[in-house]
Amino acid sequence: MTTSDPVTTRPAVRSAAAGADARLAAAASVLDDADPLRAHRDAFVDAETSLVYFDGNSLGRPLRASVERLAAFARDEWGGRLIRGWDESWMQLPFDIGDALGRAAIGAAPGQTVIGDSTTVLLYKLVRAAFDAAVAADPSRVEIVVDRDNFPTDRFLVEGIAAERGGRVRWIDVDLAGGVTADALRAAVGAETAVVLLSHVAYRSGYLADAETLTRIAHDAGALILWDLCHSAGSVPVEADAWQVDLAVGCTYKYLNGGPGSPAFAYVAERLQDRLAQPIQGWMGAADVFAMGPSYRPADGMRRFLSGTPPIVGMLAMQDTVALLEEVGIQAVRDKSIALTEFAVQVSDELLAPLGVVVASPRDPHARGGHLTLSHPAMRAVTARLWRQDVIPDYRDPDGLRIGLSPLSTSFAETLAGLEAVAEAVRAES
Ligand SMILES: *Cc1c(COP(=O)(O)O)cnc(C)c1O
């Protein structure tokens with residue numbers, strides 16, 4: 001379009017915008033060409049379509065290999081092996097996948113990670129186990145420390161545990177565009193703290209906590225700490241062993257692409273396993289599963305954190321992403337993640353800031369995980385409009401459009417196309 005085009009009412013503005021678009025498109029293309037992970041995007045279902053997916057941090061895209069794996073399992077293992085499958089491999093699967101996930105994604109040596117129930121149920125089991133162990137060691141430790149902007153399930157369940165066990169919740173106030181700092185945690189913990197529950201990457205702002213430092217602060221106060229890794233596993237490096245983390249739980253259907261409702265993982269440091277008793281005592285966590293004995297005695301090691309029959313079908317797909325992470329390395333994934341969010345901030349500054357959109361996430365990439373929140377009063381309507389156009393971010397109150405940039409399945413060109421659509425939708429809804 002030229003500046004003399006008769007339908008152009010504001011020629012100078014239009015040509016400036018077109019110039020910015022062309023420059024950003026060239027930048028996206030340079031970044032895609034230089035991206036060492038570029039080819040892996042094609043391994044995802046429907047990667048060839050023009051759909052823009054900005055929600056891999058809520059529900060990751062499936063790998064094509066997972067489609068094959070699920071079909072083969074139904075046909076050959078479930079269909080072919082029937083009940084024999086339990087003895088042949090399924091009983092061991094939660095531990096085998098846990099160890100592989102521990103190695104590829106969270107810096108855990110074998111024997112400390114297991115695939116179990118939903119994130120919520122595993123958080124409940126481990127927070128309660130940690131609380132009870134802390135109170136048993138020192139009855140004055142009755143506080144559970146959590147921040148006011150932690151994910152709802154995390155906040156709700158600590159309130160339930162405090163009520164059930166005669167404990168108290170100590171709340172940390174946080175900036176909604178940031179997260180829990182070292183100073184804020186230092187001010188909240190002390191001689192009455194039993195356990196601290198924090199998210200490594202904040203679900204709203206994307207704030208990346210300094211987990212190593214915060215773990216040390218909790219330990220210096222004599223408390224245990226549980227990290228919620230839902231928004232970090234598979235996206236940012238985690239060093240559970242090296243950071244001396246006590247406990248961790250994380251989702252597998254976000255950056256690990258396990259599929260809707262795939263079961264979560266739990267990490268319990270080896271030094272703590274035999275000191276912790278979880279509250280849902282079921283036969284699968286008992287010392288001898290098939291003894292069918294008169295009373296419960298917890299198994300040694302990670303098996304004690306299981307309760308009932310492991311959800312085998314749900315834990316199939318995540319194996320493909322864990323294998324891919326093992327192949328490419330989590331640091332390469334993080335490097336691309338930073339490049340993607342940096343590019344998205346740049347595009348947002350150029351195309352969205354003039355429309356009144358604010359980046360409600362840390363601007364320092366080292367303080368940010370794999371997603372960004374863009375804030376504007378029209379974002380609820382903007383999200384609905386974008387979904388109709390096959391551009392899929394999500395919306396979080398207040399006024400936040402969340403842009404999740406899953407490094408293995410997202411390109412720079414896709415990121416630009418999506419943000420251009422956001423700009424158009426903000427204009428339309430303002
Ligand atoms: C997604 C998420 C959850 C989800 O818990 P479910 O039991 O899987 O529904 C919990 N905590 C955080 C921080 C999350 O981001």
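Note that the structure is a prediction, hence the values are computed from the model and not measured. (Residues numbered from 1 in each chain as written. Predicted model: local features only at pLDDT ≥ 70, side-chain atom pairs only at ≥ 80, totals over all residues. Heavy atoms only, no water.)

A.B. asks: Residues and numbers for the overall build of the protein, please.
C.D. replies: Helix and strand counts for the protein come out as 13 helices and 13 strands. In terms of C-alpha radius of gyration, the protein reaches 23 Å, essentially the compact-globule figure of 22 Å for 430 residues. The principal-axis extents of the C-alpha atoms in the protein amount to approximately 85 × 55 × 35 Å. Of all intrachain contacts in the protein linking residues separated by at least 6 positions in sequence, the fraction that spans at least 24 positions is 71%. Where the 39 positive side-chain charges of the protein centre and where its 56 negative ones centre are 3 Å apart. (Helix = DSSP H or I, 4+ residues; strand = E, 2+ residues; numbered from the N terminus. Rg over C-alpha atoms; globule rule 2.2 N^0.38 Å. Contact = heavy atoms within 4.5 Å. Lys, Arg positive; Asp, Glu negative; His and termini not counted. Charge placed at Lys NZ, Arg CZ, Asp CG, Glu CD.)

A.B. asks: Can you tell me about the sheet that holds strand S13 (residues 400–404), naming the residues and giving the values?
C.D. replies: Adjacent strands of a sheet form backbone hydrogen bonds with each other and so pair up, either parallel or antiparallel. Taken in spatial order, the four strands of this open sheet run S9-S10-S13-S12, and their pairing is antiparallel. With partners counted over all chains shown, the strands left at the sheet margins are strand S9 (358–359) and strand S12 (394–396), one partner each. The pairing of strand S10 (residues 371–375) with S13 spans five bridges and is classified as antiparallel. By the bridge assignment for S13, serine 375 is matched with glycine 400. (Pairing = 2+ DSSP bridges.)

A.B. asks: Provide a residue-level description of the pairing of strand S7 (residues 247–250), including the pertinent values.
C.D. replies: Alternating positions in S7 separate into two faces, Leu247 and Val249 on one and Ala248 and Gly250 on the other, with burial throughout. Pairing geometry for S7 and strand S8 (residues 265–268), over four bridges, is antiparallel. Directly across from leucine 247, in S8, lies its bridge partner valine 268. (Buried < 20%, exposed > 50% of the residue type's maximum accessible area, 1.4 Å probe, protein only.)

A.B. asks: Can you lay out the packing of helix H11 (residues 330–352) against helix H13 (residues 412–429) for me, pointing to particular residues and giving the numbers?
C.D. replies: In helix packing, the relevant descriptors are the interaxial angle and the interaxial distance, both defined with respect to the helix axes. Look at H11 against H13: their axes get within 10 Å of each other, and the N-to-C directions meet at 30 degrees. When the axes of H11 and H13 are compared, the pair comes out roughly parallel. The hand of the H11/H13 crossing is right-handed. Contacts between H11 and H13 involve Lys336, Ala339, Leu340, Phe343, Ala344, Val347, Leu351 and Leu352 on the former and, on the latter, Phe412, Thr415, Leu416, Leu419, Glu420, Val422 and Ala423. A per-class count over the contact of H11 with H13 returns 12 nonpolar, one polar and two charged. (Axes fitted to C-alpha atoms, helices over the stretch in contact; angles between N-to-C directions. Parallel < 35°, antiparallel > 145°, perpendicular 65-115°, else oblique. Left-handed = near helix turned anticlockwise from the far one by under 90°. Nonpolar A, V, L, I, M, F, W, Y, C, P; charged D, E, K, R; others polar.)

A.B. asks: Can you break down the domain arrangement of the protein residue by residue, with the values?
C.D. replies: Here the protein is described as being made up of domain 1 (22–63 + 329–429) and domain 2 (68–316). One C-alpha centre belongs to domain 1, the other to domain 2; they are set 29 Å apart. Taken together, the contact pairs 28 residues of domain 1 with 22 residues of domain 2. For the pairing of domain 1 and domain 2, the buried interface totals around 2000 Å² over both sides, and the portion due to carbon and sulfur atoms is 56%. Of all residues in domain 1, the largest losses of buried area upon contact with domain 2 belong to Asn57, Ile330 and His371, amounting jointly to 24% of the total for that side. Our count for the domain 1 to domain 2 interface comes out at zero salt bridges. When contributions to the side of domain 1 that touches domain 2 are tallied by element, the ones reaching two or more residues are H11 and S10. (Domains from an automatic or database assignment. Buried area = accessible area lost by both parts, 1.4 Å probe. Salt bridge = Lys/Arg side-chain N within 4 Å of Asp/Glu carboxyl O.)

A.B. asks: Describe the packing of aromatic side chains, listing the residues and the values that go with them.
C.D. replies: Applying the stated criterion to the full structure yields five aromatic pairs. With 5.6 Å between their ring centres and 45 degrees between their planes, phenylalanine 73 and tryptophan 90 make a pair best called tilted. One end of the pair, phenylalanine 73, is in helix H2 (residues 64–81); the other, tryptophan 90, is in helix H3 (residues 84–90), and 17 residues separate them in sequence. For phenylalanine 73, a relative accessible area of 6% gives the class buried. Between the aromatic rings of tryptophan 86 and tryptophan 90, the centroid separation amounts to 5.5 Å while the plane-to-plane angle is 85 degrees, which identifies the pairing as edge-to-face. Taken together, the residues tryptophan 86 and tryptophan 90, both in helix H3 and four residues apart, mark about one turn of the helix. (Phe/Tyr/Trp six-rings, centres within 6.5 Å; stacked < 30°, edge-to-face > 60°.)

A.B. asks: Explain the environment of leucine 214 residue by residue, including any values.
C.D. replies: Within the secondary structure, leucine 214 is located in helix H8 (residues 211–220). With 31 residues separating them in the primary sequence, leucine 214 and valine 245 have C-alpha atoms 9.8 Å apart. Setting aside chain neighbours within four positions, we find leucine 214 in contact with Val180, Thr181, Ala182, Leu185, Leu198, Ala209, Ile225 and Trp227.

A.B. asks: Go over the confidence of the model for the protein with me, naming the residues and quoting the values.
C.D. replies: Confidence along the protein averages 95 in pLDDT terms, with 96% of residues attaining 70 or more. Confidence scores differ between elements of the protein, with helix H1 (residues 11–34) showing the lowest mean pLDDT of 83 and S8 the highest of 99. Taken as a whole, residues 1–10 scores under 50 in pLDDT and shows six contacts with residues more than four places along the chain or in a different chain. (pLDDT = per-residue confidence, 0-100.)

A.B. asks: I'd love a proper account of the site of the ligand, names of residues and values included.
C.D. replies: Close to the ligand lie 13 residues, the nearest being Thr120, Asp228, His231, Tyr253 and Lys254. A distance of 3.4 Å is found between an oxygen atom of the ligand and a side-chain nitrogen or oxygen belonging to threonine 119. In isolation the ligand exposes 390 Å². Once the protein is present, 86% of that is buried. Secondary-structure elements contributing two or more residues to the shell around the ligand are helix H5 (119–137) and helix H6 (152–165). A per-class count over the shell around the ligand returns four nonpolar, six polar and three charged. (Near = heavy atom within 4 Å. Polar contact = N/O pair within 3.5 Å; in protein donor to acceptor, adjacent residues only side chain to side chain. Areas by Shrake-Rupley, 256 points an atom, 1.4 Å probe, with all protein chains shown as cover.)

A.B. asks: Give a detailed account of the side chain of aspartate 149, specifying residues and quantitative values.
C.D. replies: Turning to its location among the elements, aspartate 149 is positioned in the loop between strand S3 (143–147) and H6. Aspartate 149 gets classed as buried once you look at its relative accessible area, which sits at 7%. At 2.5 Å, the side chain of aspartate 149 forms a polar contact with the side chain of arginine 204. Dropping the residues within four chain positions of it, aspartate 149 is found in contact with Val174, Leu176, Tyr203 and Arg204.

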